[in-house]
Amino acid sequence: MALDRIIAIDYDFNMPHLEENFNGDRYYKNVVGETVNTGLRPIDLNSGLTS
């Protein structure tokens, strides 16, 4: 991201927005890193490995 090139931000607090029932803890519980792939289910990386 080019955050160092942002000069100003103009907020419009009167703009309507959607009120969603969003549970961030549930949505991000299987995240490793910063990406959520909503099309794939998590896999167990330890299955099939021997110690």
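Just above, that's the structure.
Focus: the layout of surface pockets
- Here the largest pocket is characterised by a volume of approximately 490 Å³.
- Looking at the largest pocket, it is lined by 15 residues, and the ones nearest its centre are Asn30, Val31, Asn37, Leu40 and Pro42.
- In terms of residue class, the lining of the largest pocket is made up of eight nonpolar, four polar and three charged.

Observations regarding the packing of aromatic side chains
- Scanning the model with the defined rule gives three aromatic pairs in all.
- Summarising the aromatic geometry, the rings of Phe22 and Tyr27 are spaced 5.5 Å apart at their centres and angled 55° between planes, so their arrangement reads as tilted.
- Aromatic rings pair up to connect Phe22, Tyr27 and Tyr28 into one cluster.

Conventions used here
- Residues numbered from 1 in each chain as written.
- Predicted model: local features only at pLDDT ≥ 70, side-chain atom pairs only at ≥ 80, totals over all residues.
- Heavy atoms only, no water.
- 1 Å grid on protein atoms, 1.4 Å probe; cavity = no way out; pocket = protein on both sides within 12 Å on 5 of 7 lines; lining within 4 Å.
- Points joined across faces, edges and corners; volume = space filled by probe spheres on them.
- Nonpolar A, V, L, I, M, F, W, Y, C, P; charged D, E, K, R; others polar.
- Phe/Tyr/Trp six-rings, centres within 6.5 Å; stacked < 30°, edge-to-face > 60°.

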